[in-house]
Amino acid sequence: MSTRKHTALPKAQILIEALPWLTRHNGKVVVVKFGGNAMVDEDLKAAFAQDVVFLRQAGLRPVVVHGGGPQISAQLDRHGLVSEFKAGLRVTTPEAMDVVRMVLAGQVQRELVGLLNQHGPLAVGLTGEDAHTITAIKHQPLIDGELVDIGRVGEITRIDSGAIEALLEDGRIPVISSIARAEDDGHVYNVNADTAAAALAAALGAETLMVLTDVEGLYVDWPNSDEVISRLTATQLEKLLPDLSSGMVPKMEGCLFAVRNGVNTARVIDGRVPHSILLEIFTDEGIGTMVVPDGHPLVTHAQGEA
């Protein structure tokens, strides 16, 4: 009897610790941007799918948004097409765009939908083209004071969340590839998945945006320190943006956009940690970096604010 009691108690304590968060997040939309190492490591992929299904079964309404940088690069290599980046964005020729579309909608999304659907008839895949979900125009970044043409890379102009909302109402888990329909020329655009996730989170009035990365969070003084900033306001983040590494900029800009457009919290979390989503949402400690709107009550996890 004592042995059984000993092994069961920690499990009960974990469930009890999750209770305030389960209550708080019940019925709320959570947008999760899937990327980084979690996207290529088999065990992490499986853990990610379990986490997302757990959210759904626990009464939340998860929406998954994904890109596919490593897979796109590998497929471009196979087709003899060079991967070139400018201002942190992939230069996307019409030939490369065909590959991007094929990889995102036909490979990465299919695999993710399959992993989620091992747990039941839950996930449905969309691209931003479907039902006019994401509309974009050509994006030309400013490099050294000049606008540069980087091909079929889009800047989001409009979100129509109707199809996603219909799926959520039906108890499904939408899985969205970061491809947009063109507003102007009838073609499609490759859009940054971090940016797409933030725009969708805002349009859906999400409770939180979670961005998986390959770092622990936003560092206080990288590379001089590996101390992670656990929580900061939109204004504090805005001041840090000019000094961030190029890879973190779209992620943190996405978090900033989200909390300035109605999303309660935005988090950057370490996707290399198995079940990092559950650790962030359902435990008192939390992991990663949380961004909150200005004027948000900056209280600790333990005081009941997520």
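Refer to the preceding data block for the structure.
### Some points on the overall build of the protein
Next up, step 1: Per the secondary structure count, the protein includes nine helices and 18 strands.
Next up, step 2: A globule of 306 residues ought to have a C-alpha radius of gyration of about 19 Å, and the protein, at 19 Å, matches this closely.
Next up, step 3: The dimensions of the protein, computed from C-alpha atoms along their principal axes, are 65 × 45 × 35 Å.
Next up, step 4: When each of the 306 residues of the protein is scored for burial, the buried share is 49%.

### Focus: the sheet that holds strand 9 (residues 154–159)
Next up, step 1: Strand order in this open sheet of four strands is 9-6-11-12, and the pairing throughout is mixed. Lying at the two open borders of the sheet, with one neighbouring strand each, are strand 9 and strand 12 (188–190). Neighbour to neighbour, the strand axes of the sheet diverge by 45 degrees on average, direction disregarded.
Next up, step 2: Strands in contact with helix 4 (residues 94–116) are strand 11 (179–182) and strand 12; relative to strand 12, the strand with the most contacts, it is inclined by about 75 degrees.
Next up, step 3: Along the sheet, helix 6 (residues 193–204) makes contact with strand 6 (134–138) and strand 9, crossing strand 9 at roughly 10 degrees.

### Looking at the pairing of strand 1 (residues 29–34)
Next up, step 1: Counted residue by residue, strand 1 has six buried out of six residues, so it is predominantly covered.
Next up, step 2: With six bridges connecting them, strand 1 and strand 2 (residues 61–66) associate as parallel partners. From the neighbouring strand, Val29 faces strand 2, where its bridge partner is Arg61.
Next up, step 3: Tracing the backbone out of strand 1, into helix 2 (residues 42–57) and back to the parallel element strand 2 gives a crossover that is right-handed.
Next up, step 4: Examined bridge by bridge, strand 1 and strand 13 (residues 208–213) share four bridges and lie parallel to one another. When the sheet's bridge partners are listed, Val31 is paired in strand 13 with Leu209.

### Considering the packing of helix 6 against helix 8 (residues 249–259)
Next up, step 1: Between helix 6 and helix 8, the shortest axis-to-axis distance is 8 Å and the interhelical angle comes to 10 degrees. By the criterion of interaxial angle, the relationship of helix 6 to helix 8 is roughly parallel. Contacts from Asp194, Ala198, Ala199 and Ala202 in helix 6 reach Pro250, Lys251, Gly254, Phe257 and Ala258 in helix 8.
Next up, step 2: Looking at the contact of helix 6 with helix 8 residue by residue, the classes come out as six nonpolar, one polar and two charged.

Each value, and the rule that gives it
- Residues numbered from 1 in each chain as written.
- Predicted model: local features only at pLDDT ≥ 70, side-chain atom pairs only at ≥ 80, totals over all residues.
- Heavy atoms only, no water.
- Helix = DSSP H or I, 4+ residues; strand = E, 2+ residues; numbered from the N terminus.
- Rg over C-alpha atoms; globule rule 2.2 N^0.38 Å.
- Buried < 20%, exposed > 50% of the residue type's maximum accessible area, 1.4 Å probe, protein only.
- Pairing = 2+ DSSP bridges.
- Axes fitted to C-alpha atoms, helices over the stretch in contact; angles between N-to-C directions.
- Contact = heavy atoms within 4.5 Å.
- Right-handed = clockwise from strand over helix to strand, strands pointing away.
- Parallel < 35°, antiparallel > 145°, perpendicular 65-115°, else oblique.
- Nonpolar A, V, L, I, M, F, W, Y, C, P; charged D, E, K, R; others polar.

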